[in-house]
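# Observations on the three-dimensional arrangement
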Amino acid sequence: MVILQTENLKKAFGGLQAVNKVNLTIAKGELSSIIGPNGAGKTTLFNLITGYLPADSGKIIFKGENIFGLPHYKIVRKGIGRSFQRTTIFPSLTLFENVRAAILSHKKKNFKFFTDSNSLEDVNEATFQILESLNLPDKAYLISSTLAHGDQKLLDIGIALALEPDLLLLDEPTAGMSPEERWNTVAMIQKLWKTRNMTVVFIEHDMDMVFSISQQIRVLHYGEIIAEGQPEEISHNRAVIEAYLGEEMI
Ligand SMILES: Nc1ncnc2c1ncn2[C@@H]1O[C@H](COP(=O)(O)OP(=O)(O)OP(=O)(O)O)[C@@H](O)[C@H]1O
Ligand SMILES: [Mg+2]
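The structure presented is a predicted model; accordingly, all values stated were derived computationally and were not measured.

Residues in close proximity to ligand 1 total 12 residues, the closest being F13, N38, K42, T43 and T44. By residue class, the composition of the shell around ligand 1 is 4 nonpolar, 7 polar and 1 charged.

In space, the 6 strands of this open sheet follow the order 6-7-8-3-9-10, with mixed pairing throughout. The open sheet is flanked by strand 6 (80-83) and strand 10 (224-229), the only strands paired with a single partner. Across the sheet, the axes of successive neighbouring strands diverge by a mean angle of 20 degrees, strand direction being ignored. Pairing of strand 3 (residues 31-35) with strand 9 (residues 216-221) involves 4 bridges; the strand directions are parallel. Within strand 9, the position partnered with S32 by the bridge is Q216.

All right, on to the packing of helix 3 (residues 95-107) against helix 5 (residues 149-162) then. Helix-helix packing: each pair is described by the crossing angle between the helix axes and the interaxial distance. The interhelical angle for the contact between helix 3 and helix 5, taken along N-to-C directions, is 25 degrees, at an axis separation of 8 Å. Relative to helix 5, the element helix 3 is oriented roughly parallel. The way helix 3 lies across helix 5 gives a crossing that is right-handed. Counting all contacts with helix 3, which are made through L95, N98, V99, A102, I103 and H106, the residues of helix 5 involved are L155, G158, I159 and A162. Counted by class, the contact of helix 3 with helix 5 contains 7 nonpolar, 3 polar and no charged residues.

Rules of the game
- Residues numbered from 1 in each chain as written.
- Chains lettered and ligands numbered in written order.
- Predicted model: local features only at pLDDT ≥ 70, side-chain atom pairs only at ≥ 80, totals over all residues.
- Near = placed C-beta within 6 Å.
- Nonpolar A, V, L, I, M, F, W, Y, C, P; charged D, E, K, R; others polar.
- Pairing = 2+ DSSP bridges.
- Helix = DSSP H or I, 4+ residues; strand = E, 2+ residues; numbered from the N terminus.
- Axes fitted to C-alpha atoms, helices over the stretch in contact; angles between N-to-C directions.
- Parallel < 35°, antiparallel > 145°, perpendicular 65-115°, else oblique.
- Left-handed = near helix turned anticlockwise from the far one by under 90°.
- Contact = placed C-beta atoms within 7 Å.

This is the structure:
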């Protein structure tokens, strides 16, 4: 079953075609990655899918519904969550407050919710569950700005999880982390993917990480998908080796 499909998706910035005729088919439940050199259009592609930027043309179908042109908040409600290349937390709030605020904003659409005190306990419980799944419960009451960079990135994922996405898009979740933090984060992403039954697509520059956990890899180059397949196929793909990975892979 397909969860997300794009057809001929395009976005230009002036004369620069940042995303060009992108046809994506993401299967429900897959854990996959998008790779490509700096400036290939990866973040822009996520921005188009999540409605942060309007696409110029094409189709975006999520769970069978056309979401092209919808504003970001409506797309979030339909079940697409994302983390950012740079974090989006409220720095002066604690971790607990950041995640709880995200859960509350997600539940707000149900007005009755606020009149039910049991629901507020549920929110606190859900907040702790998310912090636990990210190995952050001991830091729940720290001010977010005091966190190390790696923990801030995890909190950013926690905020995305608070919105209970069916499809989670992670933009360089391990950027700026130490090697140890990276592998811990990889293990955590795998666990979240399994326990929460999500479809996860991540953008990543660390090839060890990409090749070790992706079921599918898609390669963007100058806004176009130049290859798609399982890690084994991608690592032997001439176009990928020549156009992007270069000597690293040879
Ligand atoms: N809002 C914008 N206005 C103008 N140009 C933009 C904008 N956003 C991105 N671009 C340009 O579009 C191209 C694709 O950028 P994008 O950020 O999507 O690349 P990326 O693959 O995510 O790169 P990186 O690996 O460095 O994060 C780049 O040339 C970038 O400079
Ligand atoms: Mg990017």
